[in-house]
Amino acid sequence: MSFLIISALFVIAILYTLKQKEITQKGSFIALYSVIAILLFIFSTVSINKYTKQVVLTNVKHHRFLSMESIIYTGRVRNTGSYDVGQVEIEIELFDKGRKREGRASFESTAFKDHYNGIEKAV
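Just so you know, these numbers come straight off a predicted model, no measurement behind them.

A.B. asks: When you look at the side chain of Ser-44 in this model, what are you seeing that I'm missing?
C.D. replies: As for its position among the elements, Ser-44 is in helix α2 (residues 26–52). You can call Ser-44 buried: its relative accessible area is 8%. One polar contact links the side chain of Ser-44 to the main-chain carbonyl oxygen of Phe-41, over a distance of 3.0 Å.

A.B. asks: Explanation requested: the packing of helix α1 (residues 2–19) against α2 in the structure shown.
C.D. replies: Relative orientation and spacing of two packed helices are given, respectively, by the angle between their axes and the distance between those axes. Between α1 and α2, the shortest axis-to-axis distance is 10 Å and the interhelical angle comes to 175°. Considering the angle they form, α1 stands roughly antiparallel to α2. Within the contact between the two elements, α1 uses Ser-2, Phe-3, Ile-6, Ser-7, Phe-10, Ala-13, Ile-14, Thr-17 and Leu-18 and α2 uses Lys-26, Phe-29, Ile-30, Tyr-33, Ser-34, Ala-37, Leu-40, Phe-41, Ser-44, Thr-45 and Ile-48. Across the contact of α1 with α2, the residue classes break down as 13 nonpolar, 6 polar and 1 charged.

A.B. asks: Sorry if this is basic, but what is going on with the pairing of strand β2 (residues 70–79) here?
C.D. replies: Put simply, side chains in a regular strand alternate between the two faces of the sheet. With 9 bridges connecting them, strand β1 (residues 55–65) and β2 associate as antiparallel partners. Its bridge partner being in β2, Val-56 is matched across the sheet by Arg-78. Here β1 folds back onto β2 in antiparallel fashion, the turn holding 4 residues, of which Glu-69 has a positive phi close to 50°.

Each value, and the rule that gives it
Throughout, a residue's number is its position along its own chain's written sequence, starting from 1. Only residues with pLDDT of at least 70 are given local features in this predicted model, and only at 80 or more are side-chain atom pairs given and counted; all residues enter the totals for whole chains, interfaces and linings. Only hydrogens and water are set aside; all other atoms, that is, all heavy atoms of the structure, feed into the side-chain values. Secondary structure follows DSSP: runs of H or I at least 4 residues long count as helices, runs of E at least 2 residues long count as strands, and numbering of each begins at the N terminus. Type-normalised accessible area, obtained with a 1.4 Å probe on protein chains alone, sets the label of each residue: buried when under 20%, exposed when over 50%, and partly exposed for intermediate values. Polar contact is defined as a pair of N or O atoms within 3.5 Å, subject to the rule that within protein one atom must be able to donate a hydrogen and the other to accept it, and that residues adjacent in sequence are counted only when both atoms are side-chain atoms. For helices, the fitted line uses only the C-alpha atoms of the stretch in contact; every axis is such a line through C-alpha atoms, and the angle between N-to-C directions lies from 0 to 180 degrees. Angles are sorted into four bins: roughly parallel if under 35 degrees, roughly antiparallel if over 145, roughly perpendicular if 65 to 115, and oblique for all others. The contact criterion used throughout is that any non-hydrogen atoms of two residues lie within 4.5 Å. Charged means Asp, Glu, Lys or Arg here, nonpolar means Ala, Val, Leu, Ile, Met, Phe, Trp, Tyr, Cys or Pro, and polar covers whatever is left, Gly included. Pairing between strands is defined by DSSP: at least two bridges between them are needed.

These results come straight from atomic positions and should not be treated as a statement about function.
What follows is the structure, encoded as structure tokens:
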């Protein structure tokens, strides 16, 4: 819908500019209209994708492999929006924030859990 509105306004602006007899530099106006239309197309595409396609992370678990010194996170991505989602990218940031548990000599990291819970509440 937004593409039709932007295209219609673009065509109307060009036709109105071409009908004006007192404007000598019509090409610069048409170029300006083209740049504005392209920016509006990009902005509307980004905003439509942001507000219509929504996903939620569920069942997030982590497994630590000390022999390989790696942590593997698993979980599910669930589509909560009304439109199909083609691809989902996730970025995991690790923080060195831990707390010492009573009766243990090691630290238990809670950074991902705290950070993830903050994201889940925001969605």
